[in-house]
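Listed below, chain by chain, are the residues.
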Amino acid sequence: MGKSVIILSEDEIALVRESSLLVGRTLAEVARHIAPGITTDKLDALAEEFIRDHGAVPGFKGLYGCPSTLLTSVNEQVVHGLPGKVPLKDGDIVSVDCGVLMNEFYGDSAYTFCVGEVAPETLRLLTVTQECLALGIAQAAANNRTGDIGSAIQQHAESCGYGVVRELVGHGVGRKLHEAPEVPNYGRRGHGVRLHEGMALAIEPMINMGVKEVKQLKDGWTVVSRDGKPSAHFEHTIVVRQGKAEVLSTFQYIEEVLEKRGITTA
Ligand code: MG
Ligand code: MG
C-alpha cells in the first residue's frame, strides 16, 4: 500500500465510478442466482464471465495470489472466503466481495446476501452493518479524518452489542486496489488521516454478531469470527467531496433483483 494519499482528477473519478458501477451490476448478476443449492464456485464463474463480457477484468484474481473473481464468506466467515463446491443452504448468509479493473482503475464493493429464510437476529446484523456503512460514508467529507469514519461505524456497531473487526480495514482505491490511506472501522473522532476532495475510498465495515476477534483458516485466506458467530460485510467505493461524499458504487441493481425475486434484504 502506497504511503501518500492520491487525489484523483474528475476524469479519473469517472473511471473509478464506471468500474464501481460494473461491480454493482456484477453483484446483481450474483443476486439473480443466490439460492439454496448453488455453490460459490458457480457464483464465481458467473461473475467472472459477466465482468469479462463487459470489457473489464476481475480485480482480485491474481492479486496477492487470489485465485478467484469473488471472495465469498459464509456465516461465521468474515471476509476473504474462497469460492468452493459446498452448496449454500437455507438460512445462510453470504458476503460477496468483488473488484473490477477497467480502464486502469479499480472499483470495489461487497454485499451480504440472505440465502432462503435467515434468522431474525442475523437479519438484524445485516441491517446494522448496512447502517454502519451509511454512517461511515456520511463522515467521508473533505476536512474530516479517517477516525471520524471509524468512530461513527464503531459507535453504532458496539451500541448494538456487536464486535468490530480490527485486523481488516477499508482503503484508498485508484490505479491499485489498495491505496493509502487505511480506513479502519474503529477509531476516534478528529484522529487519523485528513480527507481531501477527490480521494476515492473503499469503506467496508466488517461487523461480528459476537466478539470482535477473528482468526484465519489454514487455507491462508478465509478469516472467521473467533467465536463462530455470524459476520456481515458491506462495502462501497466513494469519493470524498466538500460537504458530503459521493457514492460511486451502488446496491441499487442488486436490490432491484432481490426485490423482484422476493428475497429478503437487510
Ligand atoms: Mg471489497
Ligand atoms: Mg475493499
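Just above sits the structure.
Residues numbered from 1 in each chain as written. Chains lettered and ligands numbered in written order. Predicted model: local features only at pLDDT ≥ 70, side-chain atom pairs only at ≥ 80, totals over all residues. Heavy atoms only, no water.

Enquirer: Pulling in residues and values, what's your account of the sheet that holds strand 3 (residues 77–79)?
Expert: Across the sheet, 3 strands lie side by side as 3-12-11; this open sheet has antiparallel pairing. A single partner strand is all that each edge strand has here, and the edge strands are strand 3 and strand 11 (214–216). Within this sheet the neighbouring strands show an average axis-to-axis angle of 40°, counted without direction. Pairing between strand 11 and strand 12 (residues 223–225): 3 bridges, direction antiparallel. Of the residues in strand 12, the one forming a bridge with Val 214 is Ser 225. (Pairing = 2+ DSSP bridges. Helix = DSSP H or I, 4+ residues; strand = E, 2+ residues; numbered from the N terminus. Axes fitted to C-alpha atoms, helices over the stretch in contact; angles between N-to-C directions.)

Enquirer: Lay out the coordination of the magnesium ion (ligand 1) with the relevant residues and their values.
Expert: Surrounding the magnesium ion (ligand 1) are the protein donor atoms Asp 97 (OD), Asp 97 (OD), Asp 108 (OD) and Glu 235 (OE), which sit 2.0 to 2.6 Å from the metal. Counting along the primary sequence, the residues that act as donors to the magnesium ion (ligand 1) give the motif D-x10-D-x126-E. Between the magnesium ion (ligand 1) and the magnesium ion (ligand 2), the interatomic distance is 3.1 Å, and Asp 108 donates to each metal, bridging them. Linking Asp 97 in strand 4 (residues 93–102) with Glu 235 in the loop between strand 13 (231–233) and strand 14 (236–239), this pair joins segments that are 138 residues apart in sequence. The buried category is assigned to Glu 235, whose relative accessible area is 0%. (Donors = N, O, S within 2.8 Å, 3.2 Å for Na, K, Ca; no water. Buried < 20%, exposed > 50% of the residue type's maximum accessible area, 1.4 Å probe, protein only.)

Enquirer: Talk me through the pairing of strand 8 (residues 179–183); I want residue IDs and the actual numbers.
Expert: Extensive coverage of strand 8 is indicated by the burial of 4 of its 5 residues. As paired elements, strand 7 (residues 170–172) and strand 8 share 3 bridges and run antiparallel to each other. Within the sheet, the bridge partner assigned to Gly 170 lies in strand 8 and is Val 183. Counting the residues that bridge the hairpin from strand 7 to strand 8 gives 6 residues.

Enquirer: Lay out the environment of Val 115 in plain terms, naming residues and giving numbers.
Expert: Position of Val 115 relative to the elements: it lies in the loop between strand 5 (105–114) and helix 3 (120–138). Its relative accessible area of 0% is what places Val 115 among the buried residues. Sequence spacing of Val 115 and Asp 97 is 18 residues, and the spatial spacing of their C-alpha atoms is 16 Å. Discounting chain neighbours no more than four positions away, the residues touching Val 115 are Ile 34, Ala 35, Pro 36, Leu 88, Lys 89, Asp 90, Gly 91, Asp 92 and Val 94. (Contact = heavy atoms within 4.5 Å.)

Enquirer: Talk me through the coordination of the magnesium ion (ligand 2); I want residue IDs and the actual numbers.
Expert: Looking at the metal site, the magnesium ion (ligand 2) is ligated by Asp 108 (OD), His 171 (NE2), Glu 204 (OE) and Glu 235 (OE), spaced 2.1 to 2.3 Å from it. Spacing between the donor residues of the magnesium ion (ligand 2) along the chain follows D-x62-H-x32-E-x30-E.

Enquirer: Can you lay out the side chain of Thr 39 for me, pointing to particular residues and giving the numbers?
Expert: Along the polypeptide, Thr 39 turns up in the loop between helix 1 (10–33) and helix 2 (40–53). Polar contacts involving the side chain of Thr 39 include one to the main-chain amide nitrogen of Lys 42, which spans 3.1 Å. Once residues lying within four places of it in the same chain are set aside, the contact partners of Thr 39 are Gly 84, Lys 85, Val 86 and Pro 87. (Polar contact = N/O pair within 3.5 Å; in protein donor to acceptor, adjacent residues only side chain to side chain.)

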